[in-house]
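Structure at a glance
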Amino acid sequence: MNNDNVSTRSSSPVLLWLVLVVSAAVNAAGPLVGLGLPVRTVAGAVAIGAIALLITHYVRRRRA
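Residues numbered from 1 in each chain as written. Predicted model: local features only at pLDDT ≥ 70, side-chain atom pairs only at ≥ 80, totals over all residues. Heavy atoms only, no water.

**Here we look at the UniProt feature "transmembrane region" (unreviewed entry) in the protein**
As a reminder, the rule being used: UniProt positions are given in the numbering used here, feature names are shortened, and annotations may be inferred rather than shown by experiment. The numbering of helices and of strands both runs from the N terminus, where a helix is a DSSP run of H or I of at least 4 residues and a strand a run of E of at least 2.
Here, UniProt's "transmembrane region" (unreviewed entry) annotation points to residues 38-59. With 100% helix and 0% strand, the stretch residues 38-59 has end C-alpha atoms that lie 32 Å from each other.

Take a look at the structure:
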């Protein structure tokens, strides 16, 4: 029995969620642990990038 209609789920959303959570945690906890502004800025930019990629992935899956 072969079911070719089942879509395979890629690991990219899981990795993007992980990147988002870690970068947001670094950005939020940065002032508490004394991280510099450049490190927090990069972490924030990575979080924004992960959000954009998650939205793009969601929209592409909805259209397919």
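**Concerning the nonpolar core**
Basically, it comes down to this: Each nonpolar core is a collection of buried residues, namely Ala, Val, Leu, Ile, Met, Phe, Trp, Tyr and Cys, held together in the definition by side-chain atoms within 4.5 Å. Buried residues are those whose accessible area, probed at 1.4 Å on protein chains only, stays under 20% of the maximum for their type, while exposed residues exceed 50% and partly exposed ones sit between those limits. Contact definition: two residues touch when any of their heavy atoms are within 4.5 Å.
By size, the foremost hydrophobic cluster in this structure holds five residues: Leu16, Leu20, Ala47, Ala50 and Leu54. Listing elements by their share of this core, those giving two or more residues are helix H1 (12-33) and helix H2 (37-63). Looking at this core element by element, the count peaks at three residues for H2. Apart from the residues lying within four places of it in its own chain, the contact partners of Ala50 are Leu16, Val19 and Leu20.

**Some details on a nonpolar patch on the surface**
Our working definition: Without a salt bridge and with relative accessible area above 30%, a residue can belong to a patch; like charges are then joined within 9 Å and nonpolar side chains (Val, Leu, Ile, Met, Phe, Trp, Tyr) within 5 Å. Here the Shrake-Rupley method, with its probe set to 1.4 Å, supplies the accessible areas, and only the displayed protein chains count as covering residues. Note on definitions: salt bridges are taken to be side-chain nitrogens of Lys or Arg within 4 Å of carboxyl oxygens of Asp or Glu.
On the surface, Leu15, Leu18, Val22, Val26, Leu32, Val33, Leu35 and Val39 cluster together into a nonpolar patch covering about 740 Å² of accessible area. With six residues, the single largest contributor to the nonpolar patch is H1. Positionally, Val33 belongs in helix H1. Since its relative accessible area comes to 61%, Val33 is described here as exposed.

**Topic: the environment of Arg40**
Structurally, the position occupied by Arg40 is in helix H2. Sequence separation between Arg40 and Val26 is 14 residues; the distance between their C-alpha atoms is 6.9 Å. Setting aside its immediate chain neighbours within four residues, Arg40 contacts Asn27, Gly30, Pro31 and Leu35.

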